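# Residue-level structural notes
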Amino acid sequence: MKVLVIGANGQIGKELVSLIQQSDHLEAIAMIRKEEQAKHFKQIGVEAVLVDLEDNTKAIAKAAEGVDAIVFAAGSGPKTGADKTMLIDLDGAIKSIEAAKIANVKRFIMISSYDTTREAIQEASSSFAPYVVAKHYADEWLRRTDLAYTIVHPGALTNDKSTGNIEASEKVEPNEVPRDDVAHVLLACLEDKTTIGKEFQVIAGHTPIKEAIASLA
Ligand code: NAP
């Protein structure tokens, strides 16, 4: 199965690409936005495609040609303003979903945010609200497609060492989760078809990742 990782140069994206590359039945294609980022992927034997999420949908669809699944791991990050939040976390995500349809890619896995409900928008600080709005509508757009989607809602991301254990459920108490464990969760979703049509929150926990993901069925 060929997997296009959008946001492949990101912290979760990079880890996911290498996990996919280590698997014997998956192949990663890294979608990156800068030429100089290609070197890393070349070194680990991964094809890289150069597309900026501010490019048009056609450019993303071209990158997705011949692919079986897309993982959206991109994000504008906390250092940019609400303008980039709208352009990347909202419009970039929606263009990626539309690109999947154009390229006939059936499977789509979204890294969302911990809580993207309408209530979370109302409760968010004025600086955080645009991000929650962006994620809320990107998730909603995906739910309204007939793509085989999974929406992953991670808690606060850390760079702690992967433990291999998580807690995953429709609703979990707010907590942190290592980025590397989220990468393993995404891999588990790619490998477990029972996650299709599901969404869940994920935090650090005590259940082995594959087991926690399988128990969502
Ligand atoms: P990250 O390291 O910031 O990676 C984000 C990636 O998105 C980067 O590779 C970046 O590219 C790419 N990107 C940004 N703008 C782009 C554009 N215009 N075109 C193409 N790619 C673009 O993020 P992370 O730590 O792996 O986390 C992934 C996502 O998880 C976040 O973006 C966020 O939405 C979500 N999340 C975060 C938290 C949290 O606690 N922080 C919690 C839950 C969910 P460059 O490498 O070129 O900059």
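Above this text sits the structure in question.
Because the structure is a prediction, the values reported are computed rather than measured. (Residues numbered from 1 in each chain as written. Predicted model: local features only at pLDDT ≥ 70, side-chain atom pairs only at ≥ 80, totals over all residues. Heavy atoms only, no water.)

Bringing the site of the ligand into the picture now. Contacts to the ligand come from 24 residues, most closely from Gly10, Gln37, Asp52, Leu53 and Arg179. Residue Gln11 places a main-chain N or O atom 2.9 Å away from an oxygen atom belonging to the ligand. Calculation on the ligand without its partners gives an accessible area of 920 Å², and the protein chains cover 82% of this total. If you list the elements that add at least two residues to the shell around the ligand, you get α1 (11-22), α6 (129-143) and β7 (156-158). Here the residues of the shell around the ligand are counted per class, giving ten nonpolar, nine polar and five charged. (Near = heavy atom within 4 Å. Polar contact = N/O pair within 3.5 Å; in protein donor to acceptor, adjacent residues only side chain to side chain. Areas by Shrake-Rupley, 256 points an atom, 1.4 Å probe, with all protein chains shown as cover. Helix = DSSP H or I, 4+ residues; strand = E, 2+ residues; numbered from the N terminus. Nonpolar A, V, L, I, M, F, W, Y, C, P; charged D, E, K, R; others polar.)

A few words on the packing of aromatic side chains. The geometry of an aromatic ring pair is captured by two quantities: the separation of the ring centres and the angle between the planes. Applying the stated rule across the entire model yields one aromatic pair. Summarising the aromatic geometry, the rings of Phe128 and Tyr131 are spaced 5.4 Å apart at their centres and angled 40° between planes, so their arrangement reads as tilted. Accessibility expressed as a relative area gives 25% for Tyr131, which makes it partly exposed. (Phe/Tyr/Trp six-rings, centres within 6.5 Å; stacked < 30°, edge-to-face > 60°. Buried < 20%, exposed > 50% of the residue type's maximum accessible area, 1.4 Å probe, protein only.)

Turning to its location among the elements, Arg143 is positioned in helix α6. In this structure Arg143 comes out as partly exposed when scored by relative accessible area, which is 27%. Distance from Arg143 to Asn56, taken between C-alpha atoms, is 22 Å for residues 87 residues apart in sequence. Apart from residues lying up to four places away in sequence, Arg143 is in contact with Thr116, Tyr149, Ile151 and Glu199. (Contact = heavy atoms within 4.5 Å.)

Across all of its chains, the model carries six salt bridges by this definition. A salt bridge links Lys101 to Glu98; the shortest N-O distance between them is 2.9 Å. In this pair, Lys101 and Glu98 both sit in helix α4 (residues 82-102), three residues apart, roughly one turn of the helix. Residue classification places Glu98 among the partly exposed residues on the basis of a relative accessible area of 22%. Glu140 serves as the salt-bridge partner of Arg144, at 2.8 Å between the closest nitrogen and oxygen. Sharing partners across several salt bridges, the network here consists of Glu140, Arg143, Arg144 and Glu199. (Salt bridge = Lys/Arg side-chain N within 4 Å of Asp/Glu carboxyl O.)

We now examine the nonpolar core. With 37 residues, the main nonpolar core has Ile20, Val185, Leu186 and Phe200 as its most contacted residues. When residues in this core are grouped by element, the largest group, eight residues, is from helix α7 (residues 179-191). Setting aside chain neighbours within four positions, we find Phe200 in contact with Thr150, Ile151, Val152, His153, Ala168, Ser169, Glu170, Val185, Cys189, Ile213 and Leu216. The next biggest cluster of nonpolar side chains, apart from the first, holds 29 residues, and it includes Val49, Ala93, Ala99 and Phe108. (Core = buried A, V, L, I, M, F, W, Y, C linked by side-chain atoms within 4.5 Å.)

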